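What follows is the residue order along each chain.
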Amino acid sequence: MNLSSTNVHRPGTIRSSAGPRSTRPKAPAVRARKLVPFAFVSPTLALITLLTVVPILMVAGYSFMDNVIVEPNPVFVGFANYVKVLSDPTFLTALGNTFVFITLSTVVHLVLGLAFALLLNTPLLGNVTKAIFRVIYILPWLFTIAVIAIVWRLMLDPSGVVNYLLGTFGIQGADWLSTPETALGSVTFINIWSGYPFFMISLLAALQGVPTVLHEAARVDGAGWWQRFLYVTLPHIRPVIISMAVLDLIWTSQQFALIWMTTGGGPLNATEVVSTYTYKQAFSNFDFSTASAAAVIVLLLTMALAFFYVRQQKVRD
Amino acid sequence: MSNVTLRGRREASIDVSRQPRTAKKTLLKAGAIAALVIGALYAGLPVLWMLSTSFKQNGEVFALPPKLITSGFSLDAYTAILTDPSRLRFFLNSYIVAIAVTVLTLLVAILAAYGFSRYEFPGKRLINIVIVSVQAVPPITLVIPYFGLMVALGLYNTYPGLILTHMVFTLPYAIIMMTAYFNTLPRELDEAAKVDGANVWTALWRVLVPISVPGIVAVGVYTFMISWNEFLFALTLTRTDSMRTVPIGIQLLMGQHSFEWNQMMAMSILGSIPVLLLFLLFQRSFIGGLTSGAVKD
C-alpha cells in the first residue's frame, strides 16, 4: 500500500506497474487521484482560455464583420476587411518597415550581446571588475520603454547631445527622428540599445556552461583564440543563439511603445510598423473591423515564427 | 646531479617564454579593459544624461556646451513631481497593479508548476505547447478584443481589468520558470512528507514552497518588472488619470504643450527606481532563474 501510494507520483513507474491491472474496475479513490494534476493546472487553463483563446476567437470574428464594437449590429462581410488591409499601401509599407526593424535589431542584438558576453567572460579580468561592468551593461534593460523613448528623444533632439558630440568630430548632425530618411534607422538604433542586454545575459550563462576542459584540450592541440571560439564555444552556444534570435524576432515585431512614443509611425509613415498601423486603425480611426483583420494577419505571421521556436525547443528537450 | 640540470633547464625555458607572454597578456588585458569601457559608455551614457538632466533647470537642458552638472543644479523637478497629487496617483496605481499581478501570478504559477513537475497526465504536452505559444501572441492582436471584453465585463478603466490582462504576459513565463525550478528539487522531498502523513497540498506549501524561495523571488521580480513596465494595455484599457500607470503618465507629460524635460527625466528616474532596486537586491537569483527558465539551458 505504501509502495503503491508513492508510485502514484512517479509517472514512469505507475504506467508500467499499473499496466496489466488496468482492466480491473478502478476504485473511486484512484480516479479522484487522477484528477489531482488537473486541479493544479485548472486556474491556468481558465485564465489562458479567458485571456487568449476567447479573445483570439473574438478578433477573428470581428475581422469578418463590418462596423464592430462601434455599431450594435455588425454585418458579415467575408474577406472584405482582409482585402482592404492587404491592398492598403500604408500596411504594405508597415510590413516592410517591420521586416527591416526586426531583422536589423535581432542581428545587432546578437552581435553586441555576444561581444559583450565574451568580454564579460574573459579570464583576463578579475571577477569584481566584471561584476561592476555587468551591472552597467544590463542597465538599458532595466528601464521601461516609455523612459527609453523620452531619453533618446532628448538626446537625438536637433540641438541635443548626440548632435553636439557628432559636431565635435566634425560630423553634421540631423533631426534624426523627424527626417523620413533617418527615422527608421534611429528607432532601430534605440531598440538595439534597449534590447541587447537580454541576449548578453543569456549568452553569458551559456558561455559559462562551456566546459573549460574542452578549451584546455583545444589549446594543447595548438588552437588559437579564434579557432577555439569557432570550434569549441560556438557549437556549444548555438542552440541558445537560435532560440534567442527567434524570440527576439517575435518580441521586436511586437514593439509598439517605443515607436508610438518616439515617432508615432511618422514622418510620412517612415516608421509605421504593423503594431502602430493596427493601433491607429482601432483607436484613432475607430475602424475596429479593419484593425481586427490586420491583427489576425499579424497573429498568423507571428505564429509562423513561434512554430519554429517551439520546434527548436522540442529538439533541445 | 642530472636532476638539478633538468630543473635548471626547465626554469630557464620558462623564463625565456614568460617574458613575451606576460607582455602579450598585459596588452590583451589593456585591450579588454578599453573595449569594456567603450561598451560601458554606450550602455551608461544615456542613463547618466537622464540623471543629469533631472537636476537641471529646464532652460539649461539644451545649453551648449552640454554639461553634466550645471549652475542651476537643484531638486526642483523632483519636488514638482512629488508634490503633484495627480502624478503621485500614477505611482500608486502602478504599485497596486504590479503587486497584485505579482501575487496572483505566483499563486497560479506555483500550482501549475507543481502539477507539471510532479505529475504525468493526458494532454500535458499539448498544454505545455499552448503555454509556450501564448508568449508569442502579439499584444496588439489581443488589445482589440480585450477592449470589447473589458467594456462588456464592466472592467474597462478599473484595476481588475489591468491586473487580469497583465497576467497574459506574466503567467506563461512564471509557469515555465517555476516548473524548471521544481524539477531541480528531488521528488523524495515531497514523498517523504507524504509518508509522514501530509497530503499533496501540505507537501507543496509546507515543504516545496519554503525551499523554493530563491526561484519564487526570481519569478516575482520578473513578474513585477513586466507589469510595472507594461504600456499598450495600460494605454488602451484605462481612460481617466486616476487609473493611469507610470509609463502612461510619462507619455502624458510629453504630450503637454511645452516640454518640461527636467520633470520628464525626474519622473523617469522615479519610475525606474522600483525595478532598479529589485534588480540590484536580487541580481544573482534573478539572472540565474531567468536564464534557466526562459532559455532552458
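Residues numbered from 1 in each chain as written. Chains lettered and ligands numbered in written order. Predicted model: local features only at pLDDT ≥ 70, side-chain atom pairs only at ≥ 80, totals over all residues.

A look at the overall build of chain A
Helix and strand counts for chain A stand at 14 helices and two strands. Expressed as a percentage of its 317 residues, the buried residues of chain A come to 41%. For chain A, the share of sequence-separated contacts (at least 6 apart) that also reach a separation of at least 24 residues comes to 68%. (Helix = DSSP H or I, 4+ residues; strand = E, 2+ residues; numbered from the N terminus. Buried ≥ 20, exposed ≤ 12 C-beta atoms within 10 Å, placed from the backbone. Contact = placed C-beta atoms within 7 Å.)

Quick look at the UniProt feature "transmembrane region" (unreviewed entry) in chain B
Residue and element names in this part refer to chain B. UniProt annotation of "transmembrane region" (unreviewed entry) refers to residues 27-51, 95-114, 126-147, 159-182, 203-225 and 264-282 when read in the numbering used here. Secondary structure content for residues 27-51 is 100% helix and 0% strand, while the C-alpha to C-alpha distance between its ends is 35 Å. For residues 264-282, the helix share is 100%, the strand share is 0%, and the end-to-end C-alpha distance is 28 Å. (UniProt positions renumbered as here; feature names shortened; annotations may be inferred.)

Concerning the nonpolar core
By size, the foremost hydrophobic cluster in this structure holds 162 residues, and its most contacted members are Ala257 of chain A together with Ala109 and Met178 of chain B. No other element matches helix α6 (residues 159-183) of chain B, which puts 15 residues into this core. In this structure Met178 of chain B touches Ala109, Ile110, Ala113, Gly215 and Val219 of chain B, once residues within four positions along its chain are discounted. (Core = buried A, V, L, I, M, F, W, Y, C linked by C-beta atoms within 7 Å.)

Examining the interface of chain A and chain B
With 75 residues of chain A at the contact, the number on the chain B side is 76 residues. Residue composition of the side of chain A that touches chain B, by class: 57 nonpolar, 17 polar and one charged. (Nonpolar A, V, L, I, M, F, W, Y, C, P; charged D, E, K, R; others polar.)

Details of the UniProt feature "domain: ABC transmembrane type-1" (unreviewed entry) in chain A
If you check UniProt for "domain: ABC transmembrane type-1" (unreviewed entry), the listed places come out as residues 95-309 of chain A in our numbering. The span residues 95-309 of chain A is 76% helix and 0% strand, and its two end C-alpha atoms sit 21 Å from each other.

A few points about the packing of helix α5 (residues 89-120) of chain A against helix α11 (residues 225-253) of chain A
Helix-helix packing: each pair is described by the crossing angle between the helix axes and the interaxial distance. Residues and elements named next belong to chain A. Close contact between α5 and α11 brings their axes to 9 Å; oriented N to C, the two are set at 145 degrees. Considering only the axes of α5 and α11, their crossing is right-handed. Across the interface between the two elements, Thr98, Phe101, Ile102, Ser105, Thr106, His109 and Leu110 from α5 touch Ile241, Ala245, Asp248, Leu249, Thr252 and Ser253 from α11. Each residue belonging to the contact of α5 with α11 can be placed in one class, and the counts come to six nonpolar, six polar and one charged. (Axes fitted to C-alpha atoms, helices over the stretch in contact; angles between N-to-C directions. Left-handed = near helix turned anticlockwise from the far one by under 90°.)

Observations regarding unusual backbone geometry
Positive phi is not limited to glycine here, since Leu268 of chain A has a value of about 55 degrees. Structurally, Leu268 of chain A can be placed in the loop between α12 (257-262) and α13 (274-284). Despite not being glycine, Asn157 of chain B shows a phi value in the positive range, around 60 degrees. Examined against the element boundaries, Asn157 of chain B turns out to sit in the loop between α5 (139-152) and α6.

A few points about the packing of helix α10 (residues 212-220) of chain A against α11 of chain A
All names here are of chain A. The interhelical angle for the contact between α10 and α11, taken along N-to-C directions, is 140 degrees, at an axis separation of 10 Å. Taken together, the axis directions place α10 and α11 in an arrangement best described as oblique. Handedness of the α10/α11 crossing: right-handed. Residues Leu214, His215, Ala218 and Arg219 of α10 form the contact with α11, whose participating residues are Arg228, Tyr231 and Val232. Of the residues contributing to the contact of α10 with α11, the split by class is four nonpolar, one polar and two charged. (Parallel < 35°, antiparallel > 145°, perpendicular 65-115°, else oblique.)

Topic: the UniProt feature "transmembrane region" (unreviewed entry) in chain A
Residues and elements named next belong to chain A. What UniProt calls "transmembrane region" (unreviewed entry) maps, in this numbering, to residues 35-64, 99-120, 132-155, 196-217, 229-251 and 288-310. As annotated, residues 35-64 comprises 93% helix and 0% strand, and the C-alpha atoms at either end are separated by 39 Å. Helix makes up 75% of residues 132-155 and strand 0%, with an end-to-end C-alpha separation of 25 Å.

Re helix α8 (residues 200-211) of chain B
Along an α-helix, a turn takes 3.6 residues, which lines up residues three or four apart on a common side. Residue and element names in this part refer to chain B. Look at α8: 16 Å from first C-alpha to last across 12 residues, which is about the 16 Å you get at 1.5 Å a residue. Regarding α8, the residues found buried are Val200, Ala203, Leu204 and Leu208. Buried residues of α8, seen end-on, are gathered within an arc of 95 degrees and therefore sit on one face of the element. What points out from α8, more than 90 degrees from its buried face, is the exposed set Arg206 and Pro210. (Expected span 1.5 Å × (residues − 1). Arc of directions from axis to C-beta.)

Examining the environment of Thr188 of chain A
All names here are of chain A. In this structure, Thr188 sits in helix α9 (residues 180-208). Separated by 71 residues in the primary sequence, Thr188 and Ala117 have C-alpha atoms spaced 21 Å apart. In contact with Thr188, not counting residues within four places along its chain, are Phe101, Leu104 and Ser105.

Observations concerning the confidence of the model for chain B
Residues and elements named next belong to chain B. Across chain B, pLDDT averages 85, with 88% of residues at or above 70. Of the regions scoring below 50 in pLDDT, residues 293-297 engages in 18 contacts with residues more than four places distant in sequence or in other chains. Here the prediction assigns the complex a pTM of 0.86, and the interface score ipTM is 0.85. (pLDDT = per-residue confidence, 0-100.)

Structural notes on the environment of Leu112 of chain A
Mapping Leu112 of chain A onto the fold places it in helix α5. Each residue touching Leu112 of chain A, except ones within four places of it in the same chain, is listed here: Ile192 and Tyr196 of chain A.

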